[in-house]
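# Analysis of the macromolecular model
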Amino acid sequence: MEIYEKRRDLARSLDSATSVLATLDRIVLTAFHVVLLFIAMAIFDMNIMEMWFTVSSVLLAFAFMFGNSVKVLFESIIFIFIVHSFDIGDNILINGERHVVRNISIMNTETTKWNGQDIYYPNTVLNTAPLVNLTRTKHLTDEQTWVVDIHTSARVFEALPLYLHAFQMSHAEDFLDCTPRIYSHADDPLKIKLTVYYEYSFNGLPPARAGKARAIGVSNYCASCLEGLGAPVPAVNQIQVHV
């Protein structure tokens, strides 16, 4: 199934690239025909300068009207062919929200948001926006935070790395590393923040696999370990994702 989806996305990428190149071809051919027209006029000894003054006046008027459009077009071409941040089918993060790239045109990129919304982004906006390409990411790191009482026994914090190492070794197909860290609680001096950093062995895709590994694996396992070691865990669980 995954191979089929990759082949489908590759075919769509080729179709999109062909469409963009066809648009560029029409633009270049139009400019070439204008230059060819002046060369032909020179061959037949026509008054090129007079014609040039007329054409330049028209071009100047068009520059005022369409100068920004030409600039946007040039920036879009640079973004698509030089920067090339993504391909069709890639999962990307825009402003922290996951999108799947559906189509790339010369001026816009069509994406599908995680909630199913189809969104069209101007390429010039994507060119300046910070993007995270999850598909090209090799490994993804998550973190989860629990808040425990300050009087929690030191043996809990000493034993937890051993438990997490054993968990990681038994789930090596999903995790490369699990590391706990202890921080003071800024809002409550009688609490301690226990943060577990874990690195997936994959790039977090598909999201269902990452969610299952996070929920069934680390979340439940760490909570049960803390409770088993005598550290009651309040219903405070914060999740952050790092690439």
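The structure contained in this document is the topic of the report that follows. (Residues numbered from 1 in each chain as written. Predicted model: local features only at pLDDT ≥ 70, side-chain atom pairs only at ≥ 80, totals over all residues. Heavy atoms only, no water.)

## Quick word on the nonpolar core
In plain terms, the rule: In this description, a nonpolar core means a group of buried Ala, Val, Leu, Ile, Met, Phe, Trp, Tyr and Cys residues linked to one another through side-chain atoms lying within 4.5 Å. Relative accessible area decides the class of each residue, using a 1.4 Å probe on protein chains only: under 20% of the type maximum gives buried, over 50% gives exposed, and in between gives partly exposed. For the purposes of this entry, the term helix denotes a DSSP run of H or I that reaches at least four residues, the term strand denotes a run of E that reaches at least two, and both are numbered from the N terminus.
Counting 23 residues, the largest nonpolar core has Leu164, Phe175, Cys178, Val196, Tyr198 and Tyr200 as the members making the most contacts within it. Counting only elements with at least two residues in this core, the list comes to strand E6 (141–149), helix H4 (154–170), strand E7 (175–184), strand E8 (191–200) and helix H5 (207–228).

## Overview of the packing of aromatic side chains
Quick reminder of the rule: For Phe, Tyr and Trp, rings pair up if their centres lie within 6.5 Å, where Trp contributes its six-membered ring, and each pair is then called stacked (planes under 30 degrees apart), edge-to-face (over 60) or tilted (otherwise). Only when the NZ atom of a Lys or the CZ atom of an Arg is both within 6 Å of the ring centre and within 35 degrees of the ring normal do we say a charge sits over the ring.
The full count for this structure, using the stated rule, is 6 aromatic pairs. Where phenylalanine 167 meets phenylalanine 175, the ring centres are 5.4 Å apart and the plane angle is 45°; that geometry is what we call tilted. The two residues phenylalanine 167 and phenylalanine 175 agree in class, both being buried. Lying over the aromatic face of phenylalanine 202, arginine 209 brings its terminal NZ or CZ to 3.8 Å of the ring centre.

## A short note on the side chain of aspartate 142
Put simply, the rule reads: Whenever a nitrogen or oxygen atom comes within 3.5 Å of another N or O atom, the pair is scored as a polar contact, on the condition that within protein one atom can donate a hydrogen and the other can accept it, and that pairs from neighbouring residues in sequence are kept only if both atoms are in side chains.
Relative to the elements of secondary structure, aspartate 142 occurs in strand E6. For aspartate 142, a relative accessible area of 0% puts it in the buried group. Of note is the side chain of aspartate 142, whose polar atom sits 2.7 Å from the side chain of tyrosine 200.

## Notes on the pattern of salt bridges
Under the convention used in this document: We define a salt bridge as a contact between a side-chain nitrogen of Lys or Arg and a carboxyl oxygen of Asp or Glu at a distance within 4 Å.
For the coordinates displayed, the defined rule picks out 5 salt bridges. Here aspartate 90 and arginine 136 are joined by a salt bridge, their closest N and O atoms 3.8 Å apart. Taken as a pair, aspartate 90 in the loop between helix H2 (48–83) and strand E1 (91–94) and arginine 136 in the loop between strand E5 (131–133) and E6 lie far apart in primary sequence, 46 residues in all. Overall, aspartate 90 belongs to the buried group, its relative accessible area being 7%. A salt bridge links lysine 191 to aspartate 149; the shortest N-O distance between them is 3.8 Å. With lysine 191 in strand E8 and aspartate 149 in strand E6, the pair connects residues that are 42 residues apart, well separated along the chain. A relative accessible area of 30% places aspartate 149 in the partly exposed class. Through salt bridges with shared partners, one network takes in Asp87, Asp90 and Arg136.

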